[in-house]
Amino acid sequence: MLVNRDEANAHTVRVEFDDSRNKQSAAFSGPVMLVTFGSEQYVWINDGPNSHPDPDNPPVAATLAAGSQTVFTLPKASVTVLRGRVAGLKD
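A brief structural summary.

Calculation notes
Residues numbered from 1 in each chain as written. Predicted model: local features only at pLDDT ≥ 70, side-chain atom pairs only at ≥ 80, totals over all residues. Heavy atoms only, no water. Pairing = 2+ DSSP bridges. Helix = DSSP H or I, 4+ residues; strand = E, 2+ residues; numbered from the N terminus. Axes fitted to C-alpha atoms, helices over the stretch in contact; angles between N-to-C directions. Phe/Tyr/Trp six-rings, centres within 6.5 Å; stacked < 30°, edge-to-face > 60°. Buried < 20%, exposed > 50% of the residue type's maximum accessible area, 1.4 Å probe, protein only.

With respect to the sheet that holds strand E10 (residues 78-86)
Inference 1: A sheet is described by the order of its strands in space; here four strands give the open sequence E1-E10-E5-E8, paired in antiparallel fashion. The sheet is open, and its two edges are formed by strand E1 (2-4) and strand E8 (60-66), each paired on a single side. The sheet shows a mean angle of 20° between the axes of neighbouring strands, taken without regard to direction.

The structure is reproduced here in structure tokens:
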């Protein structure tokens, strides 16, 4: 899970997993499911008893082909969940 707390800007990240025991790094390999929920999907309008969300949309989901150099974009004010296989990790 990745969180972008910046309310004004999207940010790009590369995801790397460090295995300190075996002193090696690994990255996603193959399809990665990405689900994002941010200000493009939901904003609370504070208006006392008339408060409401606007917009009130579901999370955005996509599947991307990923590798060690893949860059993921985290929209402003968002939570993103990535799920996929990591090359080189043992079960």
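Continuing now.
With respect to the pairing of strand E5 (residues 28-38)
Inference 1: Pairing of E5 with E10 involves eight bridges; the strand directions are antiparallel. In the sheet register, Val32 faces E10, and the bridge partner there is Gly84.
Inference 2: The pairing of E5 with E8 spans seven bridges and is antiparallel. Residue pairing in the sheet places Met33 in a bridge with Thr63 of E8.

Topic: the packing of aromatic side chains
Each aromatic ring pair is specified by the distance between its two centres and by the angle formed by the two planes.
Inference 1: Here the structure, examined in full by the defined rule, presents three aromatic pairs.
Inference 2: Pairing Phe28 with Phe72 gives two aromatic rings, centres 6.1 Å apart and planes at 75°, and the pair type is edge-to-face. A residue pair is termed long-range when its members are at least 10 positions apart, and Phe28 in strand E5 and Phe72 in strand E9 (residues 72-74) qualify at 44 residues.
Inference 3: Classification of Phe28 by relative accessible area gives buried; the value is 6%.
Inference 4: For Phe72, a relative accessible area of 3% translates into the label buried.
Inference 5: Measuring from ring centre to ring centre gives 6.0 Å for Phe37 and Tyr42, while their planes differ by 35°; the resulting arrangement is tilted.
Inference 6: By relative accessible area, Tyr42 is classed as partly exposed at 31%.
Inference 7: Among the aromatic side chains, those forming a connected cluster through ring pairs are Phe17, Phe28 and Phe72.

So far we have only geometry, and geometry alone does not tell us how the molecule works.
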